[in-house]
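Residues per chain, in single letters:
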Amino acid sequence: ANATKTPTKVEYLSNISAISSARLYNCALTTGGAAQCFGNNEFGQVGQRETINTGLKAISSGYQHTCAIDTNNQLKCWGNSANNRLGAGTLPTSFTRVTKVTTDNRGASVQALRGEQSGTGTLLSDVSKVSSGGSHTCAIADTDKQLYCWGNNIYGRLGNESALSSNTPKKTKYLNYDNTKPLLTGVEYISNGINHSCALRKHPTFNINWVYCWGYN
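Residue numbers restart at each chain and count upward from 1, following the sequence in its written direction. Restriction of local features to residues with pLDDT of at least 70 applies here, the model being predicted, together with a cutoff of 80 or more for giving and counting side-chain atom pairs; totals for whole chains, interfaces and linings are based on all residues. Side-chain metrics in this entry use all non-hydrogen atoms of the structure; hydrogen atoms and water are not considered.

Student: I tried to follow the layout of surface pockets on my own but got confused; where do I start?
Tutor: Empty space left among the atoms is revealed by rolling a probe the size of a water molecule over them. Of the volumes computed, that of the largest pocket is approximately 220 Å³. Classification convention: Asp, Glu, Lys, Arg as charged; Ala, Val, Leu, Ile, Met, Phe, Trp, Tyr, Cys, Pro as nonpolar; all other residues, Gly among them, as polar. Split into classes, the residues belonging to the lining of the largest pocket amount to six nonpolar, four polar and three charged. Cavity means a closed set of points on a 1 Å grid over the protein atoms alone, one where a 1.4 Å probe fits but cannot get out, pocket means an open set with protein on both sides within 12 Å along at least 5 of 7 lines, and lining means a residue has an atom within 4 Å of a point. Grid points are joined across faces, edges and corners, and a volume is the space filled by probe spheres set on the points.

Student: Would you explain the state of the cysteines in this entry?
Tutor: Each disulfide is one covalent bond, formed between the sulfur atoms of two cysteines. Any cysteine sulfur atom paired with another within 2.5 Å is treated as part of a disulfide. Applying the stated criterion across every chain yields a total of four disulfides. The side chain of Cys 138 participates in a disulfide bridge whose partner is Cys 149; the two sulfur atoms lie 2.1 Å from each other. Torsion about the S-S bond of the Cys 138 and Cys 149 cystine: about 110°, corresponding to right-handed handedness. Of this pair, Cys 138 sits in strand β12 (residues 136-141) while Cys 149 sits in strand β13 (residues 147-151), and the two are 11 residues apart along the sequence. Comparing Cys 138 with Cys 149, the two get one shared label, buried. One disulfide bridge connects Cys 198 with Cys 213, the sulfur atoms lying 2.0 Å from each other. Negative torsions about the S-S bond denote left-handed disulfides, and the value of about 110° found for Cys 198 with Cys 213 makes this one right-handed. Residue Cys 198 is located in strand β16 (residues 196-202), and its partner Cys 213 is located in strand β17 (residues 209-215); the two are separated by 15 residues in the primary sequence. The buried label goes to any residue with under 20% of its type's maximum accessible area, the exposed label to any with over 50%, and the partly exposed label to all in between, with areas taken from a 1.4 Å probe on protein chains only. For Cys 198, a relative accessible area of 22% puts it in the partly exposed group. In the protein, the cysteines engaged in disulfides, taken in order along the sequence, are linked 1-2, 3-4, 5-6, 7-8. Going along the chain from the N terminus, every DSSP run of H or I of four or more residues is numbered as a helix, and every run of E of two or more is numbered as a strand.

Student: Would you mind going over the sheet that holds β17 with me for this structure?
Tutor: We treat two strands as partners when DSSP finds at least two bridges between them. Here we have three strands laid out as an open sheet, ordered β15-β16-β17, and antiparallel in their pairing. Edge positions in the sheet fall to β15 (187-192) and β17, since each has one partner strand and no second. Taking the axes of each pair of neighbouring strands and ignoring which way they run, one obtains an average angle of 15° across the sheet. Only the stretch in contact is used when a helix axis is fitted, and all axes are lines through C-alpha atoms; the angle between N-to-C directions ranges over 0 to 180 degrees.

Student: Teacher, can you tell me more about the pairing of strand β5 (residues 56-61) here?
Tutor: On a regular strand, one side chain projects to one face of the sheet and the next to the other, so that they alternate. Examined bridge by bridge, β5 and strand β6 (residues 65-70) share five bridges and lie antiparallel to one another. Across the sheet, Ser 60 pairs through a bridge with Cys 67, a residue of β6. Between β5 and β6, which pair antiparallel in sequence order, lie three residues.

Student: Honestly, the pairing of β13 in this entry has me stumped. Any pointers?
Tutor: Of all the five residues making up β13, five are buried; the element is thus mostly covered by neighbouring parts of the structure. Along β13, one buried face is formed by Leu 147, Cys 149 and Gly 151 and the opposite face, lined by Tyr 148 and Trp 150, is buried too. For β12 and β13, the ladder comprises five bridges, and the chain directions are antiparallel. Bridge assignment links Ala 139 to a residue of β13, and that residue is Tyr 148. Here β12 folds back onto β13 in antiparallel fashion, the turn holding five residues, of which Lys 145 has a positive phi close to 60°.

Student: Please explain the environment of Ser 131 as it appears in this structure.
Tutor: By the secondary structure assignment, Ser 131 is in strand β11 (residues 127-132). Owing to a relative accessible area of 6%, Ser 131 belongs among the buried residues under this scheme. Distance from Ser 131 to Thr 66, taken between C-alpha atoms, is 8.9 Å for residues 65 residues apart in sequence. Any N or O atom pair separated by 3.5 Å or less is treated as a polar contact, with the protein-specific requirement of one donor-capable and one acceptor-capable atom, and with residues adjacent in sequence counted only for side-chain atom pairs. Here the side chain of Ser 131 touches Asn 192 through a polar contact of 2.8 Å, landing on its backbone nitrogen.

Student: What exactly am I supposed to notice about the sheet that holds β13 here?
Tutor: Strand pairing in a sheet takes place through backbone hydrogen bonds and is either antiparallel or parallel in direction. A sheet is described by the order of its strands in space; here four strands give the open sequence β11-β12-β13-β14, paired in antiparallel fashion. Here the strands that pair on one side only, and so sit at the sheet edges, are β11 and β14 (166-171). Recorded for the sheet is a direction-independent mean angle of 20° between the axes of neighbouring strands.

Structural data, given as structure tokens:
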């Protein structure tokens with residue numbers, strides 16, 4: 001395989017505010033809120049080799065799918081929909097259109113790269129951060145910093161006490177010192193790996209941050 005041993009400037013990219021790299025592809029976010037992805041597009045994770053001009057403010061590349069938050073704090077995902085990682089109900093495996101993540105399984109509102117299609121699902125809104133993993137995705141709701149995860153739940157990577165995968169966001173819980181399992185709120189950051197996730201949680205009263213991890217050990 002070819003290798004570049006020194007950092008090299010990527011041509012044709014300018015006015016970039018954020019980047020996210022994953023397996024065999026990369027995504028960049030421009031200061032104007034457009035996603036520019038390049039690399040392997042086997043499952044539509046790059047989109048349709050076009051710029052997605054949808055007013056985006058954050059982006060996260062996963063193993064074979066990509067998710068981004070728009071200026072309305074709604075979450076959009078595209079790429080491989082296997083294992084429900086796009087959070088938009090049942091879809092074809094390779095889904096190059098942009099789906100809006102819903103909180104139920106009644107179907108997604110779908111925004112194509114050209115034109116729009118309406119759905120009946122309730123949108124997951126008020127999203128502040130997102131992380132795309134191997135075949136699961138997690139996002140933080142801004143209001144109470146509640147963590148939601150969906151997709152493939154093997155190894156318990158969704159953190160919801162269930163062994164079942166989910167095609168819609170489920171609230172994540174954590175193991176408390178008294179062995180209770182409250183909802184995982186107060187989350188400031190989330191990072192998904194291939195088979196596990198870690199979250200940074202802020203104490204509701206004191207200036208203390210805790211890290212919680214779950215999934216494959």
